[in-house]
Amino acid sequence: MKSATPKVLHDICGRSLVGHVLAASRELDPEHLVVVVGHAREKVTAHLAEVDPAVRTAVQEEQNGTGHAVRMGLEQLGGVVDGTVVVVCGDTPLLTGATLARLAATHQADGNAVTVLTAEVPDATGYGRIVRDEVSGAVTGIVEHKDASEAQRAVREINSGVFAFDGQLLSEALKQVRTDNSQGEEYLTDVLGILREAGHRVGASVAGDHREIAGINNRVQLAQARRILNDRLLTAAMLAGVTVVDPATTWIDVAVTFEQDSVVLPGTQLLGGTHLGEGAVVGPNSRLKDTTVGAGARVDNTVSDGAEVGPQATVGPYAYLRPGTRLGVKSKVGTYVETKNAVIGEGTKVPHLSYVGDATIGEYSNIGAASVFVNYDGEHKHHTTVGSHCKTGSDNMFVAPVTIGDGAYTAAGSVITKDVPPGSLAVARGQQRNIEGWVARKRPGSAAAKAAEAASQQGEGED
């Protein structure tokens, strides 16, 4: 990956690679779930504690092969496990719980000692090849690409690295795995031949979509997997009643949820735990993270993080909703408006060019254009409260802490530093003074002076 980030911690669609594998594995409701860690294990272990606190970890001090890794995992469980042991890879984010369930079901139904998940791929380069009996079609072994003959390299059925084992037989077979191969490692795949030679049944379960088993080894493959998973998520959303106008420019995370008849317009990213209510319209060109959009709301050309948009509210274009923003029913946050830790009541409008931070605004109030809620004194944040049915003028500064009472008005251009009683008009600006002839005296010969002189002459002519 050429990265300071461990491979399995790279993210696609709001979840790490190993996080996707854990989620698929959890669908089997396993009695134990163990992750074998080695390289950068401190980072990986810390991440696992965040995404799946119940998972157990086993340390592989030296990376001596897949067989060795599985031995470390079994040792974490006491060395021998009764029942079925399913082994998966930490870098296969497209693997689904449904495919793992079919693998486990096939393994039990056929009475196999081991069942390998396989797939037919267009290009098998680098993968271990499935070797089958030419007569019966039974799996006789897996040959790694570096150890395969020319005939074996022509085989397109590959080993996914995902297996279901009989736990007790797996423990015994691992003791017999040797390291006389090109890598000098313990191959887990050698267990198949060991069990078959001992007279046990080896079977296979073929994945319906070969892309599910794709491992990620570089950022090209990471991007390809992200596109596949994104398409999968969008398809599920559309089949559930969501309109996605342009899937090619729409990106969503795995935790995003929708209600019926919501609409996603082109160029939109829905991230984290974002939820769109029934009939909500988002986009174009919007990025919403951990944001709830109420039924019938409209969010246009907006960036939002940790906000709550009420039913039938309108946001944007070019708005920025920061964490703690809560917009009431039919409220409005308009063009070039930024909000943070702000509660805006039902029917209230902040239409243009304003910043509302650390504030509570009541119902059916209107905040004039170019208003700023001055919440920071250089050391601490302070709160502003604006009541219901208030009308504040354009270019107001509300210097917190300050309260504007219900039904109050403030004049345009005011700097409000004191509380305004309900029903009052607050005017906080200097008296205007006009100095006649200033331009002619101070800027003689300038374009402004010439224009003023022409206007004066025109006025005298009209008189």
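Basis of the calculations
Residues numbered from 1 in each chain as written. Predicted model: local features only at pLDDT ≥ 70, side-chain atom pairs only at ≥ 80, totals over all residues. Heavy atoms only, no water. 1 Å grid on protein atoms, 1.4 Å probe; cavity = no way out; pocket = protein on both sides within 12 Å on 5 of 7 lines; lining within 4 Å. Points joined across faces, edges and corners; volume = space filled by probe spheres on them. Helix = DSSP H or I, 4+ residues; strand = E, 2+ residues; numbered from the N terminus. Nonpolar A, V, L, I, M, F, W, Y, C, P; charged D, E, K, R; others polar. Phe/Tyr/Trp six-rings, centres within 6.5 Å; stacked < 30°, edge-to-face > 60°. Buried < 20%, exposed > 50% of the residue type's maximum accessible area, 1.4 Å probe, protein only. Lys NZ or Arg CZ within 6 Å of the ring centre and 35° of its normal. Arc of directions from axis to C-beta. Contact = heavy atoms within 4.5 Å. Axes fitted to C-alpha atoms, helices over the stretch in contact; angles between N-to-C directions. Parallel < 35°, antiparallel > 145°, perpendicular 65-115°, else oblique. Left-handed = near helix turned anticlockwise from the far one by under 90°. Polar contact = N/O pair within 3.5 Å; in protein donor to acceptor, adjacent residues only side chain to side chain. Expected span 1.5 Å × (residues − 1). Core = buried A, V, L, I, M, F, W, Y, C linked by side-chain atoms within 4.5 Å. Salt bridge = Lys/Arg side-chain N within 4 Å of Asp/Glu carboxyl O. Disulfide = S-S within 2.5 Å. Pairing = 2+ DSSP bridges.

> Help me understand the layout of surface pockets, please; the structure alone is not making it clear to me.
To find the voids left in a structure, one rolls a probe of water-molecule size over its atoms. Considered as a void within the structure, the second largest pocket measures approximately 280 Å³ in volume. Elements with a contribution of two residues or more to the lining of the second largest pocket: helix 1 (17-26) and helix 8 (219-239). Top contributing element to the lining of the second largest pocket by residue count: helix 8, with 5 residues. Looking at the lining of the second largest pocket residue by residue, the class counts come to 12 nonpolar, 3 polar and 4 charged.

> Could you clarify how one ought to interpret the packing of aromatic side chains in this entry?
Where two aromatic rings form a pair, the distance of their centres and the angle of their planes describe that pair. Across all of its chains, the model carries 3 aromatic pairs by this definition. Taking 4.9 Å as the distance between ring centres and 40 degrees as the angle between the ring planes, the aromatic pair formed by Phe373 and Phe398 counts as tilted. Within this pair, whereas Phe373 is found in strand 31 (residues 372-374), its partner Phe398 is found in strand 34 (residues 397-399), the two being separated by 25 residues in sequence. For the pair formed by Phe373 and Phe398, the shared burial category is buried. It is Lys381 that lies over the ring of Tyr376; its NZ or CZ is 5.6 Å from the centre.

> Help me understand helix 7 (residues 190-197) in this model?
Counting along an α-helix, one turn takes 3.6 residues, and residues three or four places apart therefore face a common direction. When we look at burial in helix 7, the residues that qualify are Val191, Leu192, Ile194 and Leu195. Buried residues of helix 7 fall within an arc of 165 degrees about the axis and therefore sit on the same side. On its buried face, helix 7 sits against strand 6 (114-120), strand 8 (139-143), strand 9 (157-166), helix 6 (167-174) and strand 10 (202-206). Taken from the residues just after helix 7, Gly199 is the one with a positive phi, measuring 90 degrees.

> Could you clarify how one ought to interpret the packing of helix 3 (residues 66-76) against helix 6 in this entry?
If you want to describe how two helices pack, look at the angle between their axes and the distance between the axes. Across the interface, helix 3 lies against helix 6 with an axial gap of 11 Å and an inter-helix angle of 125 degrees. One finds that helix 3 runs oblique with respect to helix 6. At the point where helix 3 passes helix 6, the crossing takes the left-handed sense. Contact with helix 3, carried on its side by Gly67, Val70, Arg71 and Leu74, involves Leu170, Ser171 and Leu174 of helix 6 and no other residues of that element. Counted by class, the contact of helix 3 with helix 6 contains 4 nonpolar, 2 polar and 1 charged residues.

> Before we go on, may I ask you to explain the side chain of Thr92 in this structure?
Tracing the sequence through the fold places Thr92 in the loop between strand 5 (84-87) and helix 4 (97-110). Here Cys89 takes part through its backbone oxygen, which lies 3.1 Å from a polar atom of the side chain of Thr92. Not counting residues up to four positions away in its chain, the partners in contact with Thr92 are Val21, Glu212, Ile213, Ala214 and Gly215.

> Where do I start with helix 4 in this structure?
Relative to the 20 Å expected for 14 residues at 1.5 Å per residue, helix 4 spans 20 Å between its end C-alpha atoms, a close match to the ideal helical length. Residues of helix 4 that are buried include every one of Gly97, Thr99, Leu100, Leu103, Ala104 and His107, and no others. Across the axial projection of helix 4, the buried residues extend over an arc of 165 degrees, all falling on one side. Where helix 4 is buried, its residues meet helix 1, strand 5, strand 6, strand 9 and strand 10.

> What is the right way to look at unusual backbone geometry in this model?
A negative phi holds for most residues other than glycine; trans holds for most peptide bonds. The peptide bond linking Gly283 to Pro284 adopts the cis configuration, its omega dihedral lying at 0 degrees. Inspection of the secondary structure assignment puts Pro284 in the loop between strand 17 (281-282) and strand 18 (287-289). Look at the link from Ala400 to Pro401: it is a cis peptide, with omega at 0 degrees. Among the structural elements, Pro401 can be located in the loop between strand 34 and strand 35 (402-404). Its identity is not glycine, yet Asn341 carries a phi of approximately 50 degrees, on the positive side. The partly exposed category is assigned to Asn341, whose relative accessible area is 36%. In this structure, Asp358 takes a positive phi of about 55 degrees despite not being glycine. Locating Asp358 in the fold gives a position in strand 29 (residues 355-361). Its relative accessible area of 8% is what places Asp358 among the buried residues.

> Help me understand the nonpolar core in this model?
Nonpolar side chains tend to gather and get buried jointly when the protein is soluble and globular. Among the nonpolar cores identified, the biggest contains 51 residues, and Leu270, Val293, Val309, Phe373 and Ile404 are the most heavily contacted of them. Mapped onto this core, the elements with two or more residues apiece are helix 8, strand 24 (319-321), strand 27 (338-344), strand 29 and strand 35. With 6 residues, the single largest contributor to this core is helix 8. With 23 residues, the next largest nonpolar core counts Val81, Ile130, Leu192 and Ile194 among its residues.

> Can you help me understand the pattern of salt bridges in this one?
Oppositely charged side chains may form a pair once their charged atoms are brought near each other. Scanning all chains against the criterion turns up 11 salt bridges. The residue Arg26 makes a salt bridge to Asp52 at a minimum N-O spacing of 2.9 Å. Highlighted residues: Arg26 in helix 1 and Asp52 in the loop between helix 2 (41-51) and strand 4 (56-59), separated in sequence by 26 residues.

> How should the state of the cysteines be read in this particular structure?
Covalent bonding between the sulfur atoms of two cysteines is what defines a disulfide. Taken as a whole, this structure holds 0 disulfides when the rule is applied. With no disulfide of its own, Cys89 has Cys13 as its nearest cysteine by sulfur position, at a separation of 20 Å. Owing to a relative accessible area of 24%, Cys89 belongs among the partly exposed residues under this scheme.

> Sorry, what's going on with the pairing of strand 9 here?
Successive side chains on a regular strand alternate, one facing one side of the sheet and the next facing the other. In terms of residue burial, strand 9 counts as a mostly covered element, since 9 of its 10 residues are buried. Examined bridge by bridge, strand 5 and strand 9 share 4 bridges and lie antiparallel to one another. By the bridge assignment, Val86 is partnered in strand 9 with Ala164. Here strand 6 pairs with strand 9 via 6 bridges, running antiparallel. Bridging across to strand 9, Val114 finds its partner in Phe165.

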